[in-house]
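# Structural features, examined
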Amino acid sequence: MGALELKNITKSFGATDVIKGVDLTVKDGEFCVFVGPSGCGKSTLLRIIAGLEDASAGDILLDGKRVNELAPAKRELAMVFQSYALYPHLTVRDNMGLALKQAGVSKAETRAATDRAAEMLSLGPLMERRPAELSGGQRQRVAIGRAIVRRPKLFLFDEPLSNLDAALRVATRIEIARLHRELSATMIYVTHDQVEAMTLADRIVVLRGGVVEQVGAPMELYNDPANTFVAGFIGSPQMNFLKSGALGQRGETTGIRPEHLEISRESGSFEGRVSHVEKLGGETLVYVRSEIHGLLTVRLFGEHSYSVDEAVWLSPDMGRAFHFDSAGLRLR
Amino acid sequence: MSARMSKGRTIAAHAVLLTYTLIALFPVFVIVINSFKSRKAIFADPLALPMPGTFDAVGYATVMKQGDFFLYFQNSLIVTCASLFCVLLFGAMAAFALSEYRFRGNTLMGLYLALGIMIPIRLGTVAILEMMVASGLVNTLTALILVYSAQGLPLAIFILSEFMKTVSDDLKNAGRIDGLSEYRIFFSLVLPLVRPAMATVAVFTMIPIWNDLWFPLILAPAESTKTVTLGAQVFIGQFVTNWNAVLAALSLAIVPVLVLYLIFSRQLIRGITAGAVK
């Protein structure tokens, strides 16, 4: 239960095409993350799966059944929204139980289901409060609880962590990963944050401009990007793109991850000037401006001191370089 | 503006507000004090307060004796409350449809409905009267309720649709996923969130209806359907005007509208400050 298939989904608002033909299969129990810059259509795609928007063309299949015309409530899915979207007039318990009540489930069963979800998320003491009396993190847990209570075939998350502060974001991220293990449910998660995508996903779908750029496990995308967009999007700090011609390499651009760029004061393959240094304790990021290649990032482990405007030499580790043609496609 | 104002500015601001309040309340005040004075005293010194020598409740006595006056009150209340109900219900529903659903001609429909704000309904009096005669609604309260609902709807739709656009889409979508019908979403999720706007619309709709003389005079002048404002006119004659009774009737007419205003005003203040203090 819970396999999703999208067949050539397109969506246009008036003359603008937002989704331009997406084919995708999400296996039962898989944690699939849609990632991409804002405006890439990832949220629209999620809303089409939920049934909140109609696809202009194409088929949505849930467990092999076409659900295009099915109302959202009948699709047996649950959604967690960025803004939590709790019902302000209901208590936490009623918020979580509303969907079951609407589906005609008995009161005792609803209570048991809400209690079970509350226990999973340690919401017990908050059950009789209203959303206005909760903190942001608590609200998001209630929203997740509301989704769990329904025991849906498919969980949809629409940027659920972007309204939380950094510490809470990490904690909730771990909690979502734990829930996925415990519930072994199919989950689709939309984010623009590649760290969330890397840490949570079984499989990442990278979207740009309404088109799927690449699908794969996090490490597949990291180690084997199909084009410059995926290469630049996955991994933080961003991959450096150097001019192949100047390095005597094939293709148009050569991609080097910041940790594979060596910095030295004495010698190297090309020269640059330090433009900024970020010390993070465990690692140091040195930004170097090179005449030929532009601004490059070097990632060093441990503490290092470089001063701004200092002349340095850089040498890329060519064994770990990626080569791309003029259209940005990977040369293998 | 800084949170702490200098003393001088505070005093100046209060002086301006007090002056405005006095000017606004002065006519009401004069009507109320004179309604408690004898006819002679009204004309001798209109601004004097009712004293033991000049106190006279003859106006109220006359109004009460004129047994129909309770009927007039009742008519006014029925017309105002029923129109208010129609305006709020249908206005909110139309506003929800305009702000929530994408359909062909949405913008055009919104503009068409807003047109009523710019064109006074009284321009159509003759046509309205002809319509009411044709449908046999002359001299019924229904005629007034229909006209006032039409009169109130454009502004209601305009204000409410702006407010409804601010209600979070996620909330409505969460309701849809949980299996709430569009009606439940409208009544139990959206309406409570735009309550301050509803109160604002209620006050702006209610007062002109309660005070209107024009349509009751034209559409429902019969004894059994007279409203308070029209009823008070019986005391104004071509040659003799019973000022005591007119002033008493007007004073009494203030009371119900004041009560309704007080009910809505707490919500209204929240409505006005909604954007400012979130």
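Only a predicted model underlies this, so the values are computations on that prediction, with no experimental measurement involved.

## Brief notes about the overall build of chain B
Of the regular secondary structure elements, chain B holds 13 helices and zero strands. Start at the N end of chain B and walk to the C end: the helices and strands fall as α-α-α-α-α-α-α-α-α-α-α-α-α. In terms of its C-alpha atoms, chain B occupies a principal-axis envelope of roughly 70 × 65 × 30 Å. When each of the 278 residues of chain B is scored for burial, the buried share is 32%. Taking contacts inside chain B between residues at least 6 apart in sequence as the whole, the part at least 24 apart equals 75%.

## Side note on the nonpolar core
Val33(A), Leu156(A), Ile188(A), Leu144(B) and Leu160(B) are the most contacted members of the largest nonpolar core, which totals 126 residues. The greatest single-element share of this core, amounting to 14 residues, is contributed by helix α7 (residues 141-165) of chain B. The contacts of Leu144(B), once residues within four sequence positions are left out, are Val79(B), Phe215(B), Pro216(B), Leu219(B) and Ala220(B). In terms of nonpolar packing, the next biggest core, distinct from the first, is built from 13 residues, Val63(B), Ala232(B), Val246(B) and Ala253(B) among them.

## Section: the sheet that holds strand β15 (residues 283-290) of chain A
Residue and element names in this part refer to chain A. Taking strand neighbours across the sheet as the criterion, the five strands line up as β13-β17-β14-β15-β16 in an open arrangement whose pairing is antiparallel. Each having just a single partner strand, β13 (261-264) and β16 (294-301) make up the two edges of the open sheet. Here the average twist between neighbouring strands, direction ignored, is 45 degrees. In terms of strand pairing, β13 meets strand β17 (residues 311-316) through four bridges, oriented antiparallel. Following the sheet pairing, Ser 264 is matched in β17 by Trp 313.

## A few points about the environment of Asp224(A)
With respect to the helices and strands, the residue Asp224(A) is situated in the loop between α7 (218-223) and α8 (228-233). On a C-alpha basis, the gap between Asp224(A) and Arg332(A) in space is 9.6 Å, while along the polypeptide they are 108 residues apart.

## As for the UniProt feature "domain: ABC transporter" (unreviewed entry) in chain A
UniProt marks residues 4-234 of chain A with the feature "domain: ABC transporter" (unreviewed entry), using the numbering shown here. Between the end C-alpha atoms of residues 4-234 of chain A there is a gap of 25 Å, over a span that is 37% helix and 26% strand.

## As for helix α10 (residues 195-211) of chain B
A rise of 1.5 Å per residue sets the reference length of α10(B), with its 17 residues, at 24 Å; its end C-alpha atoms lie 25 Å apart and thus fit the reference within 8%. Every buried residue of α10(B) is accounted for by Ala197(B), Met198(B), Ala199(B), Thr200(B), Val201(B), Ala202(B), Thr205(B), Met206(B), Ile209(B) and Trp210(B).

## Thoughts on the domain arrangement of chain A
Residue and element names in this part refer to chain A. Partitioning chain A into domains gives domain 1 (4-230) and domain 2 (237-331). Put simply, the middle of domain 1 and the middle of domain 2, counted by C-alpha atoms, are 37 Å apart. Partitioned by chemical class, the residues of the side of domain 1 that touches domain 2 number three nonpolar, two polar and no charged.

## So, the pairing of strand β10 (residues 211-216) of chain A
All names here are of chain A. Where strand β9 (residues 203-208) and β10 come together, five bridges link them in antiparallel fashion. Within the sheet, the bridge partner assigned to Ile 204 lies in β10 and is Gly 216. The turn linking β9 back onto β10 is made up of two residues, and Gly 209 within it adopts a positive phi angle of 55 degrees.

## So, the pairing of strand β8 (residues 186-191) of chain A
All names here are of chain A. β8 sits mainly inside the fold: six of its six residues count as buried. Across five bridges, strand β3 (residues 31-35) lies against β8 in parallel orientation. What sits directly across from Cys 32, in β8, is Ile 188. With five bridges joining them, strand β7 (residues 154-158) and β8 adopt parallel strand pairing. Note that in β8 the partner of Leu 156 across the bridge is Ile 188.

## Overview of the interface of chain B and chain A
The partner chain A presents 16 residues to the twelve residues of chain B that form the contact. It is helix α8 (residues 169-177) of chain B that provides the largest number of residues to the side of chain B that touches chain A, a total of six residues. Here the residues of the side of chain B that touches chain A sort into six nonpolar, three polar and three charged.

## A look at the domain arrangement of chain B
All names here are of chain B. Looking at the assigned domains, one finds that chain B contains domain 1 (1-56) and domain 2 (67-272). Here the C-alpha centre of domain 2 lies 30 Å away from the C-alpha centre of domain 1. Taken together, the contact between domain 1 and domain 2 spans seven residues of the former and seven residues of the latter. Elements that contribute at least two residues to the side of domain 1 that touches domain 2 include exactly α1 (7-35) and α2 (39-44). A total of five residues in the side of domain 1 that touches domain 2 trace back to one element, the largest contributor, which is α1. When its residues are assigned to classes, the side of domain 1 that touches domain 2 shows four nonpolar, two polar and one charged.

## Things to note about unusual backbone geometry
Negative phi is the rule for most residues except glycine; trans is the rule for most peptide bonds. Residue and element names in this part refer to chain A. For the peptide bond that leads from Ser 236 to Pro 237, omega is -5 degrees, which places it in the cis range. Relative to the assigned elements, Pro 237 resides in the loop between α8 and β11 (240-243). In this structure, Asn 8 takes a positive phi of about 50 degrees despite not being glycine. Looking at where Asn 8 falls in the secondary structure, it is placed in strand β1 (residues 4-13). Classification of Asn 8 by C-beta neighbours within 10 Å gives exposed; the count is 12. With a phi close to 45 degrees, Ser 122 is a non-glycine residue in the positive phi region. Checked against the element boundaries, Ser 122 lands in the loop between α3 (107-120) and α4 (136-149).

## A look at the packing of helix α5 (residues 106-118) of chain B against α7(B)
Residue and element names in this part refer to chain B. Packing of α5 against α7 leaves a shortest axis separation of 7 Å and a crossing angle of 125 degrees. Here α5 lies oblique to α7, going by the angle between them. In the packing of α5 onto α7, the handedness of the crossing is left-handed. In this structure, α5 contributes Gly 110, Leu 113, Ala 114, Gly 116 and Ile 117 to the contact, and α7 contributes Leu 153, Pro 154, Leu 155, Ile 157, Phe 158 and Ser 161. Partitioned by chemical class, the residues of the contact of α5 with α7 number eight nonpolar, three polar and no charged.

## Focus: the environment of Tyr72(B)
Residues and elements named next belong to chain B. Looking at where Tyr 72 falls in the secondary structure, it is placed in helix α4 (residues 68-100). Distance in space between the C-alpha atoms of Tyr 72 and Asn 211 is 13 Å, their sequence separation being 139 residues. Beyond its immediate chain neighbours, meaning those up to four positions away, Tyr 72 contacts Lys 226, Thr 227, Val 228 and Gly 231.

Conventions used here
Residues numbered from 1 in each chain as written. Chains lettered and ligands numbered in written order. Predicted model: local features only at pLDDT ≥ 70, side-chain atom pairs only at ≥ 80, totals over all residues. Helix = DSSP H or I, 4+ residues; strand = E, 2+ residues; numbered from the N terminus. Buried ≥ 20, exposed ≤ 12 C-beta atoms within 10 Å, placed from the backbone. Contact = placed C-beta atoms within 7 Å. Core = buried A, V, L, I, M, F, W, Y, C linked by C-beta atoms within 7 Å. Pairing = 2+ DSSP bridges. Axes fitted to C-alpha atoms, helices over the stretch in contact; angles between N-to-C directions. UniProt positions renumbered as here; feature names shortened; annotations may be inferred. Expected span 1.5 Å × (residues − 1). Domains from an automatic or database assignment. Nonpolar A, V, L, I, M, F, W, Y, C, P; charged D, E, K, R; others polar. Parallel < 35°, antiparallel > 145°, perpendicular 65-115°, else oblique. Left-handed = near helix turned anticlockwise from the far one by under 90°.

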